[in-house]
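Remarks on the overall topology
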Amino acid sequence: MPGWGQSESQAAEWFFLAGGWEKPQKSLLHEAEWFSWGSLLGLRACLQWECSGAGLQVSQRCGGGASGASGDRGCSCPLSSKSLRRCHPPPGLSCWERRDASPGSGAGSRGCLPSLSLCPQPKPENAITIAVSSRALFRMEEEQKIYNEQGVEAYVKYQLDHENEPFLPGAAFPFVKALEAVNTQLRELYPDSEELFDIVLMTNNHAQVGVRLINSINHYDLFIERFCMTGGNSPICYLKAYHANLYLSSDAEKVSGAIEEGIAAATIFSPSRDLEVSENQLRVAFDGDAVLFSDESEQIVKAHGLDMFFEHEKAHENKPLAQGPLKGFLEALGKLQKKFYSKGLRMECPIRTYLVTARSAASSGARALKTLRSWGLETDEALFLAGAPKGPLLRKIRPHIFFDDQMFHVEGAKEMGTVAAHVPYGVAQKHKRPAQEKQTPNSK
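This structure is a prediction, so every number in the text was calculated from the model and none was measured. Residue numbering note: each chain is counted from 1, following its sequence as written. In view of the model being predicted, local features appear only for residues whose pLDDT reaches at least 70, and side-chain atom pairs are presented and counted only at 80 or more, with totals across whole chains, interfaces and linings using the full set of residues. For the side-chain quantities, the full set of heavy atoms in the structure was used; hydrogens and water were omitted.

1. Observations regarding the packing of aromatic side chains
For the record, the criterion: Each aromatic pair joins two rings of Phe, Tyr and Trp (for Trp, the six-membered one) with centres within 6.5 Å, and gets the label stacked for planes under 30 degrees apart, edge-to-face for over 60, and tilted for any other angle. Two limits define a charge over a ring: the Lys NZ or Arg CZ must be within 6 Å of the ring centre, and within 35 degrees of the ring normal.
Inspection of every chain in the model, using the stated rule, returns nine aromatic pairs. In this structure an aromatic cluster arises from ring pairing among Phe138, Phe167, Phe173 and Tyr220. The aromatic ring of phenylalanine 223 is capped on one face by arginine 187, whose charged end is 5.7 Å from the ring centroid. In this structure, arginine 212 is placed above the aromatic ring of phenylalanine 167, and the distance from its NZ or CZ to the ring centre is 4.0 Å.

Here is the structure:
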């Protein structure tokens, strides 16, 4: 029975019995070479070999050093453990067969078969796609300073010289990690489902910077396979092509452009202090008016004052508000929540949503709740603050992200340690668009 670490003349070619993938036509010298090929395809694999034939079954896992060996059979593992991902196999993708058998083993016979857990990329039309900019995902202040002071050539050279140094985590990093934690649990419950979060890195960086971004993503063990690097041009025109359900950026102008295109978007800000958030449960907090709902009610407040607003809300209590820019994202979260509910896991659901609104409950809260009900949606918690500051309450909730249309509330959340995102929509925004800023290769 052939084993791993064999000579090139004994090496076998392997291919999927199901799934359509096929290994390039070259010899498989050892498992390290296989993983190099697998990485090119964007596959994530757990190093677990199940050897069948002659009654032998071995399970082994590589633990990590550059030249360390592990496993009962001395499996050489030159790859860093950070190159491997833990995931769950979809049905039908774990069975492999030898195409060209080594001498004496019989062509096409089953020998020592590797069984690898694979995480294929979901089809964009089936996934909930979160597009995040490079500067939202990572901290790039030093690089931005070099670009502003020395120009694009110095900026690119700096990135190339430091491409093996990972960026520090940015404002969107905990949110992305929480999305991946939800995906892990979804794969356990629904191994053949493509209703998952799919993160896309959208940046107007030059392609040369891509290596450092890839290295940083691998360093932090993130599962981000789809990139859009536009070389100085705005990536907004690509968002619909990527089926983006939400776009997060540090560039307010690009976010405004996405909102105008009908895409849920927000400008994300780093908090003023660190606040620990859950690693196992995604928590998302939404303002109501001009975020989940339209700005209809805010227009009345601005034009006629609070008293008229209360009268209007009472008179129209049973008339649903029009949808706001992030209604679709809440709907997508609710769809995934129901997948857990159907398994009897409502209380253990790894997604929790919050409505955090300045509305008063008695005078204007009913319309907000009835609007969500009319959409077939709900939030796990509804918090009516009657104009009180939102920051202290958000500190108790500890969401991974909080969406609001007013910078006053965004600033208050930041001061209390919450990652807050500004939704530039509705009457509360300045009508005049900001002046065109200098396009930077990482202004995202």
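2. A closer look at the pairing of strand β15 (residues 351–357)
The criterion, for reference: Three labels apply to residues, based on accessible area from a 1.4 Å probe with only protein chains included: buried if under 20% of the type maximum, exposed if over 50%, partly exposed otherwise in between. A helix here means a DSSP run of H or I that spans at least four residues, while a strand means a run of E at least two residues long, and both kinds are numbered starting from the N terminus. Pairing between two strands requires that DSSP report at least two bridges joining them. Seen with the strands pointing away from the viewer, any crossover whose path from the first strand over the helix to the second strand runs clockwise is right-handed.
The buried fraction of β15 is high, at six of seven residues. For strand β14 (residues 282–286) and β15, the ladder comprises five bridges, and the chain directions are parallel. If you follow leucine 282 over to β15, its bridge partner there is isoleucine 351. Each parallel crossover has a hand, and the one from β15 via helix α11 (residues 361–374) to strand β16 (residues 381–384) is right-handed.

3. Regarding the packing of helix α5 (residues 173–189) against helix α10 (residues 327–341)
Here is the rule we go by: Throughout, an axis means a line fitted to C-alpha atoms (over the contacting stretch in the case of helices), and angles, computed between N-to-C directions, take values from 0 to 180 degrees. Note on convention: the crossing is left-handed when the near helix lies turned anticlockwise from the far helix by less than a right angle, right-handed when the turn is clockwise. The contact criterion used throughout is that any non-hydrogen atoms of two residues lie within 4.5 Å. Polarity classes work like this: nonpolar for Ala, Val, Leu, Ile, Met, Phe, Trp, Tyr, Cys and Pro, charged for Asp, Glu, Lys and Arg, and polar for all others, with Gly in that last group.
Contact geometry for α5 and α10: axes closest at 10 Å, N-to-C directions at 35°. Along this stretch, α5 crosses α10, giving a crossing that reads as left-handed. From α5, Phe175, Val182, Gln185, Leu186 and Leu189 reach across to α10, where they touch Phe329, Leu336, Lys339 and Phe340. Split into classes, the residues belonging to the contact of α5 with α10 amount to seven nonpolar, one polar and one charged.

4. A few points about the nonpolar core
In plain terms, the rule: Nonpolar core, defined: a set of buried Ala, Val, Leu, Ile, Met, Phe, Trp, Tyr and Cys residues in which side-chain atoms within 4.5 Å join the residues together.
Counting residues in hydrophobic clusters, the biggest one holds 77 residues, and the most contacted among them are Phe138, Phe175, Phe197, Leu282, Phe286 and Phe403. When residues no more than four places from it in sequence are discounted, the contact partners of phenylalanine 175 are Ile130, Leu246, Leu248, Leu282, Val284, Phe329, His400 and Ile401. Of all hydrophobic cores here, the second largest spans eleven residues; its members include Val356, Leu383, Leu394 and Ala413.

5. Considerations on the pattern of salt bridges
It is possible for side chains bearing opposite charge to pair when their charged atoms get close. Here is the rule we go by: Salt bridge criterion: a side-chain nitrogen from Lys or Arg within 4 Å of a carboxyl oxygen from Asp or Glu.
For the structure shown, the criterion picks out 17 salt bridges. For aspartate 198, the salt bridge identified is with arginine 226, shortest N-O distance 2.7 Å. Here the residue aspartate 198 occupies a position in strand β10 (residues 197–203), and arginine 226 occupies one in strand β11 (residues 226–229), the gap between them amounting to 28 residues. In terms of burial, aspartate 198 and arginine 226 fall into one category: buried. Between glutamate 331 and lysine 327 there is a salt bridge, with its nearest N and O atoms 3.7 Å apart. Within this pair, glutamate 331 and its partner lysine 327 are both found in helix α10, separated by four residues, close to a single helical turn.

6. Focus on the confidence of the model for the protein chain
Which entries qualify depends on this criterion: For every residue, the predictor assigns a confidence score, pLDDT, that lies between 0 and 100.
For the protein chain, the average pLDDT comes to 76, and 70% of its residues sit at 70 or higher. Contacts from residues 1–118, a stretch scored under 50 in pLDDT, to residues over four places away or in other chains number 218 contacts. Ignoring residues within four places in sequence, the model shows residues 431–444, a span with pLDDT below 50, making 50 contacts including any to other chains.

7. Brief notes about the environment of leucine 333
Here leucine 333 is to be found in helix α10. Sequence spacing of leucine 333 and leucine 377 is 44 residues, and the spatial spacing of their C-alpha atoms is 9.7 Å. Here leucine 333 is in contact with Phe197, Leu282, Val284, Phe286, Ile351 and Thr353, once residues within four sequence places are set aside.

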